[in-house]
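Next come the chains, spelled out residue by residue.
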Amino acid sequence: MRREPVVCLFCGRVITPPQEEITEIGEVIYGKCECGAIYVCEPTGHNQGEALVQAMLLVSPEGIDKIELDVDFELRERDYNYRTHQYVYIKNWFFTGRLFFLKALKQEGDVVIEKMNTKITKKDFIHLVENREFKKIKEASVKNKNSLGWLISLSYDKESLISWKAIEAMGYVAESFIKAQDIEPLRNTIRKLLWSMSDESGGIGWRAAELIGEIVYSEPSLFEDIIPILWSQREEESFLESVLRSILKLSHKIDLSEYIEISCDELENLLKHKNNEIKGLSAVLIKKAKCNIALSEDVKKTPVSVYKNGEVITVMMHEAEKFL
């Protein structure tokens, strides 16, 4: 399993560990990204206010009163382990540090990194999803980050067509956030989706794996750490189909063997599964993973649901690969 790359929350570049330096404002654990962002570490999680002030003073030595967040500067932050130089994906120890990023708002290429005031209502956004108006969806999502949560809620009814459309739209929404160099909302969404697959939530995230897969697919290099976590969710029967669909989608962009270990024996056992969707998807993955397993004619004729151009159709397994 790969370690999660620690990247700038503004541009997505991999960053070096923050270093303890003597500055005009005292000792500060910080670093600088090539994009111009300053990042300051608070290693214990107990003095985050002080670290935030330090970050402000580093970008504005004349005083923090000169800084107006969301107007002149934008702040982004993430749970962080200073000792191992890793972002903390799920808190599972007594305390966690924090990494604060601060950057001046300015135009970069054709993307303006600024807060936009124009909002869209949930009703209007759902209308865009239903009609697959992806250009408008991408514009609206950056203007209103609630769109990520709306897509999650639309995916809950796995039997409805809007669920498939929401998953499709998540990929476009992820692209828009990445283009705006705003990665953290996507990370937060992945965390929420993984939580929805946990016992604590009651396991309500039936299609969470596919939503996560769409986010990762948008730019796999930014989410390499998520791929093994995503694959591990197959161990819960209720998420298996969604995990298989997400992994098959990712196989179009990455070499799966570089990120996860796929057991051909495990996939062969799934060919006996009572659920035709799981049986058929497993057969497709067997071919993708180049397992030396002969597929019977019965398996090749297994019906599989696939999504194409806004509609769900049923095809035989041997035809499904081009849709998955």
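Summary of the structure given here. (Residues numbered from 1 in each chain as written. Predicted model: local features only at pLDDT ≥ 70, side-chain atom pairs only at ≥ 80, totals over all residues. Heavy atoms only, no water.)

### So, the sheet that holds strand 4 (residues 73–81)
And step 1. On the basis of which strands lie adjacent, the open sheet formed by 6 strands has the order 1-2-3-6-4-5 and antiparallel pairing. Of all strands in the sheet, those bounded by a partner on one side alone are strand 1 (19–23) and strand 5 (86–87).
And step 2. Two elements, strand 4 and strand 6 (residues 97–104), share 8 bridges in a ladder whose sense is antiparallel. Following the sheet pairing, Tyr-80 is matched in strand 6 by Gly-97.
And step 3. On top of the sheet, helix 1 (residues 48–59) reaches strand 1, strand 2 (26–32), strand 3 (38–42), strand 4 and strand 6; it is set at about 155° to strand 3, its chief contact. (Pairing = 2+ DSSP bridges. Helix = DSSP H or I, 4+ residues; strand = E, 2+ residues; numbered from the N terminus. Contact = heavy atoms within 4.5 Å. Axes fitted to C-alpha atoms, helices over the stretch in contact; angles between N-to-C directions.)

### Structural notes on unusual backbone geometry
And step 1. With a phi angle near 55°, Gln-181 is a residue other than glycine that sits in the positive phi range.
And step 2. Unlike most non-glycine residues, Asn-309 shows phi in positive territory, near 50°.
And step 3. Structurally, the position occupied by Asn-309 is in the loop between strand 9 (303–308) and strand 10 (311–316).
And step 4. A relative accessible area of 57% means that Asn-309 is categorised as exposed. (Buried < 20%, exposed > 50% of the residue type's maximum accessible area, 1.4 Å probe, protein only.)

### A word on the side chain of Glu-277
And step 1. Along the chain, Glu-277 falls in helix 11 (residues 276–288).
And step 2. Given the relative accessible area of 17%, Glu-277 is considered buried.

### Some points on the environment of Leu-295
And step 1. Turning to its location among the elements, Leu-295 is positioned in the loop between helix 11 and helix 12 (297–300).
And step 2. It is 9.8 Å that separates the C-alpha atoms of Leu-295 and His-318, two residues lying 23 residues apart in sequence.
And step 3. Not counting the four nearest positions on each side in its chain, Leu-295 is found in contact with Leu-271, Ala-283, Ile-286, Lys-287, Lys-300 and Met-317.

### Here's the deal with the packing of helix 7 (residues 208–218) against helix 9 (residues 240–250)
And step 1. At their nearest, the axes of helix 7 and helix 9 sit 7 Å apart, and the two run at 15° to each other. It follows from the interaxial angle that helix 7 and helix 9 lie roughly parallel. As for how helix 7 packs across helix 9, the hand of that crossing is right-handed. Facing helix 7, whose interface residues are Ala-208, Ala-209, Glu-210, Gly-213, Glu-214, Val-216 and Tyr-217, helix 9 presents Ser-242, Val-243, Arg-245, Ser-246, Lys-249 and Leu-250. (Parallel < 35°, antiparallel > 145°, perpendicular 65-115°, else oblique. Left-handed = near helix turned anticlockwise from the far one by under 90°.)

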